[in-house]
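Letter by letter, the chains look like this.
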Amino acid sequence: QVQLVESGGGLVQAGGSLRLSCAVSGRSDNHYVLGWFRQAPGKERDFVSGINWTDGRTNYGDSVKGRFTISRDNAKNTVYLQMNNLTPEDTAVYYCAARSGGIVYSATSRYAYWGQGTQVTVSS
């Protein structure tokens, strides 16, 4: 049973930075993908970034490419999302998700485990 707990959300001014964390527990092996998704009110949950835990291969959504960076700390069993040059369009609840396998899919249906979400609000 995989458990994911997000933290690090908050209020930040446009142009600022924020780092989200996702603590992972209950994994039986390292053949997992960890992904970040976000959902704004009235909108669908969209893919932000994902990382293959084993080889570090990453994918990014087009809207965050060049601004966000996903990384992992194996010793801490934690995945991070460094968010730079934030804009109000980045305001959303950010969710950590996990799937068994090696492909960093962008579809929410590919991920079986989800955290509770953390709110990120970017002011103008």
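Analysis parameters
- Residues numbered from 1 in each chain as written.
- Predicted model: local features only at pLDDT ≥ 70, side-chain atom pairs only at ≥ 80, totals over all residues.
- Heavy atoms only, no water.
- Salt bridge = Lys/Arg side-chain N within 4 Å of Asp/Glu carboxyl O.
- Buried < 20%, exposed > 50% of the residue type's maximum accessible area, 1.4 Å probe, protein only.
- Helix = DSSP H or I, 4+ residues; strand = E, 2+ residues; numbered from the N terminus.
- Disulfide = S-S within 2.5 Å.

A.B. asks: Help me out: how do you make sense of the pattern of salt bridges in this one?
C.D. replies: For side chains bearing opposite charge, pairing can occur when the charged atoms are close. One pass over the structure, following the stated rule, counts 3 salt bridges. In this structure, the salt-bridge partner of K65 is D62, at a minimum N-O distance of 3.2 Å. K65 sits in the exposed class, given a relative accessible area of 52%. Look at D62 and you get exposed, because its relative accessible area is 69%. R67 serves as the salt-bridge partner of D90, at 2.8 Å between the closest nitrogen and oxygen. Placement of D90 in the loop between strand 8 (78–83) and strand 9 (92–100) and of R67 in the loop between strand 6 (58–60) and strand 7 (68–73) is noted, with a sequence separation of 23 residues between them. One continuous salt-bridge network, built from bridges that share partners, spans R38, R67 and D90.

A.B. asks: Would you mind going over the state of the cysteines with me for this structure?
C.D. replies: Two cysteines form a disulfide when their sulfur atoms are joined by a covalent bond. With the rule as written, the count across this model stands at 1 disulfide. Two residues, C22 and C96, share a disulfide whose sulfurs are 2.1 Å apart. Measuring the twist about the S-S bond at about -85°, one finds the C22-C96 disulfide to be left-handed. Taken as a pair, C22 in strand 3 (residues 18–25) and C96 in strand 9 lie far apart in primary sequence, 74 residues in all. Residues C22 and C96 agree in their burial class; the two are buried.

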